[in-house]
Amino acid sequence: MELERHSLLSPLLRWLVGSLTALSLTLPALEGFGATPLDAAKDQGQHRSLSFADRVAAQKAIEEVLWRHRIWPKENPGPKPALEKVLPDSAIREKVTGYLKKSKALEKFWSRPLTAAQLQAEMERMAKNTRQPGVLREIFTALHDDPFLIAECLARPALADRLLHNTYSTDALIHRAVRDRAERDLARFGSPGQMRAMQGDYREKTWIRGESDSPEGLFEPDHVSPARFDALVEGLRERLLTPSDDPALPSGELPMGKVGPLREAEDSFRVAAILSRSADSIRIASVTWSKTPFEVWWKQAKDSLSGSVSLPAGAYDSVSLESAGCTDDTWRPTGESTPAARIGNTTVWTGTEMIVWGGDTASGTTRSGSRYNPATDTWASTFNDNNSAHVPPARSRHVAVWTGSKMIIWSG
């Protein structure tokens, strides 16, 4: 199975990353792509306009930066091709249309058009949190260090995608039918022994306290370290306790013989119960009612949207790159919209982004994936308008390699 290059280049400009070499893209190069001079009105502030051709030119400038820093493995015998060979102009135009429609969706469906203040804050977030300040500096240079272009062509795609996903996942009206089905099941089958009769996805899992985590932890039963076992037990307390439970329940103790409350996650509604418990093992039953995936909803919703958005009133300030990048032997969280927790997945590094795909999540084996852009500190789905019909079937414990322009997965 192949995840094509144009799907690896983010439709929402989250993957604008790479190495630390500065790339100067001159104005004639942008004009040669059929756009008007992008910095011709740099000082006009809120009175500026931005045509679709301008946006396409800016998108290509960013993609050139990204492609320049993609890894071309030594195992790939051919020379690294020009960007146009792997990302045609039509795909660039589709990316621009995609992020404009996502902006429009926030405005039309939720009355939440992006504001200048939001775009300014997104630029500042990127500058503060970037793990690759040299790469982000290069992207700013490609956009003539113009705050207006950076806001509209770098911050808008990332922010529109993140806000749309978050807004959709928590919309009570859209997901009401799934919640109602889950609540009906809980009313009818309220004990752990009846959970199999619920209409959601029923699963059982055993955790056993062992000496240490091991590769065999991918299979049942799961042997985990004592520290992880204790952490799992504490996590179950949060999932199973309700306000009516005894708040004085000792740490490590769990409510037995009852189904926990319905919890909402980004992609589903879930309940859990403890089937058995000993000092060194615990068996859990869970039921998951999956929401309609964002990609399924978006495939239908986008057809009703135009790609026309009004520029927000207000001017933008320049941002400085505050981050010093990565520091050896330290950890810090990655950007918002992280993918669902999973095991049995694969991960590849392309030179500009980390791609996580497949594996087993709390909702079951998945065909979902995400790409992390350390330059802008953003995540985005591997699904997009071009590849949604060709995403491989769900799988875990497969293998993956990076060819320079594609991620190839096999088996599982």
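Quick note: structure is the one above.
Residues numbered from 1 in each chain as written. Predicted model: local features only at pLDDT ≥ 70, side-chain atom pairs only at ≥ 80, totals over all residues. Heavy atoms only, no water.

S.K.: Looking at this structure, I do not really get the overall build of the chain. What am I missing?
M.R.: When its secondary structure is counted, the chain shows eleven helices and 14 strands. Per-residue burial for the chain yields a buried fraction of 49% across its 412 residues. Partitioning the intrachain contacts of the chain with sequence separation of at least 6 by distance along the chain shows that 68% fall at a separation of at least 24. About 19,300 Å² of surface is accessible on the chain, with carbon and sulfur atoms providing 53% of the total. (Helix = DSSP H or I, 4+ residues; strand = E, 2+ residues; numbered from the N terminus. Buried < 20%, exposed > 50% of the residue type's maximum accessible area, 1.4 Å probe, protein only. Contact = heavy atoms within 4.5 Å. Areas by Shrake-Rupley, 256 points an atom, 1.4 Å probe, with all protein chains shown as cover.)

S.K.: How should the environment of Lys 95 be read in this particular structure?
M.R.: With respect to the helices and strands, Lys 95 occurs in helix α5 (residues 89–110). Overall, Lys 95 belongs to the buried group, its relative accessible area being 3%.

S.K.: Before we go on, may I ask you to explain the sheet that holds strand β5 (residues 268–277) in this structure?
M.R.: Note on sheets: strands pair through backbone hydrogen bonds, and any given pair is parallel or antiparallel. Spatially, β3-β2-β6-β5-β4 is the arrangement adopted by the five strands of the open sheet, whose pairing is mixed. Each of the sheet's edge strands pairs with one partner strand only, and the pair in question is β3 (222–224) and β4 (263–264). Across eight bridges, strand β2 (residues 201–209) lies against strand β6 (residues 281–290) in antiparallel orientation. Paired with Trp 207 across the strands is Ile 282, a residue of β6. Against the sheet, helix α10 (residues 226–240) contacts β2, β3, β4, β5 and β6, and its axis sits at roughly 140° relative to β2. (Pairing = 2+ DSSP bridges. Axes fitted to C-alpha atoms, helices over the stretch in contact; angles between N-to-C directions.)

S.K.: Would you take a moment to explain the pattern of salt bridges for this structure?
M.R.: Side chains bearing opposite charge may pair, as long as their charged atoms lie close to each other. For the structure on display, the rule yields 24 salt bridges. Across the salt bridge formed by Asp 89 and Lys 60, the nearest N and O atoms sit 3.8 Å from each other. You can see Asp 89 sitting in helix α5 and its partner Lys 60 sitting in helix α3 (residues 52–68), a full 29 residues away along the chain. Residue Lys 60 is classed as buried on the basis of its relative accessible area, which comes to 14%. What you see here is one network of salt bridges that share partners, running through Glu 122, Arg 125, Arg 131, Arg 162 and Asp 377. (Salt bridge = Lys/Arg side-chain N within 4 Å of Asp/Glu carboxyl O.)

S.K.: Got a minute to help me understand the packing of helix α6 (residues 116–129) against helix α8 (residues 147–169) in this structure?
M.R.: For any two helices packed against each other, the geometry is given by the interaxial angle and the distance between the axes. Running from amino to carboxyl end, α6 crosses α8 at an angle of 90°, the nearest separation of the two axes being 8 Å. Considered as vectors, α6 and α8 are oriented roughly perpendicular to each other. Each of Gln 118, Leu 119, Glu 122, Met 123, Arg 125 and Met 126 in α6 lies in contact with α8, whose residues at this interface are Pro 147, Ile 150, Ala 151, Glu 152, Leu 154, Ala 155, Arg 156, Ala 158, Leu 159, Arg 162 and Leu 163. Class assignment for the residues of the contact of α6 with α8 results in eleven nonpolar, one polar and five charged. (Parallel < 35°, antiparallel > 145°, perpendicular 65-115°, else oblique. Nonpolar A, V, L, I, M, F, W, Y, C, P; charged D, E, K, R; others polar.)

S.K.: Can you walk me through the packing of α3 against α5 in this structure?
M.R.: Following both chains from N to C, one finds α3 and α5 inclined at 115°, their axes separated by 9 Å at the closest point. The orientation of α3 relative to α5 falls into the category roughly perpendicular. Once α3 is placed against α5, the crossing between them reads as right-handed. In contact with Phe 52, Arg 55, Val 56, Gln 59, Lys 60 and Glu 63 of α3, α5 contributes Asp 89, Ile 92, Arg 93, Lys 95, Val 96, Thr 97, Tyr 99 and Leu 100. Classifying every residue of the contact of α3 with α5 by side-chain character gives six nonpolar, two polar and six charged. (Left-handed = near helix turned anticlockwise from the far one by under 90°.)

S.K.: Would you mind going over the side chain of His 165 with me for this structure?
M.R.: Its place among the elements puts His 165 in helix α8. Of the residues examined, His 165 reaches a relative accessible area of 16% and is grouped as buried. Within the structure, the side chain of His 165 is placed 2.9 Å from the backbone oxygen of Asp 161, a separation counted as a polar contact. Apart from residues no more than four positions distant in its own chain, His 165 is found in contact with Lys 102, Phe 294 and Glu 295. (Polar contact = N/O pair within 3.5 Å; in protein donor to acceptor, adjacent residues only side chain to side chain.)

S.K.: Whenever I open this one, the nonpolar core confuses me. Can you help?
M.R.: Counting residues in each nonpolar core, the largest one holds 52 residues, and the members touching the most others are Leu 154, Leu 164, Trp 297 and Trp 298. For this core, the secondary-structure elements that each account for two or more residues are α3, α4 (83–86), α5, α6, α7 (133–142), α8 and α11 (294–301). No other element matches α8, which puts 13 residues into this core. For Trp 297, the residues in contact, after removing those within four places along its chain, are Phe 109, Trp 110, Leu 164, Tyr 168, Ile 174 and Thr 292. Judged by nonpolar contacts, the second largest core, of 13 residues, contains Val 178, Met 198, Phe 269 and Ala 285. (Core = buried A, V, L, I, M, F, W, Y, C linked by side-chain atoms within 4.5 Å.)

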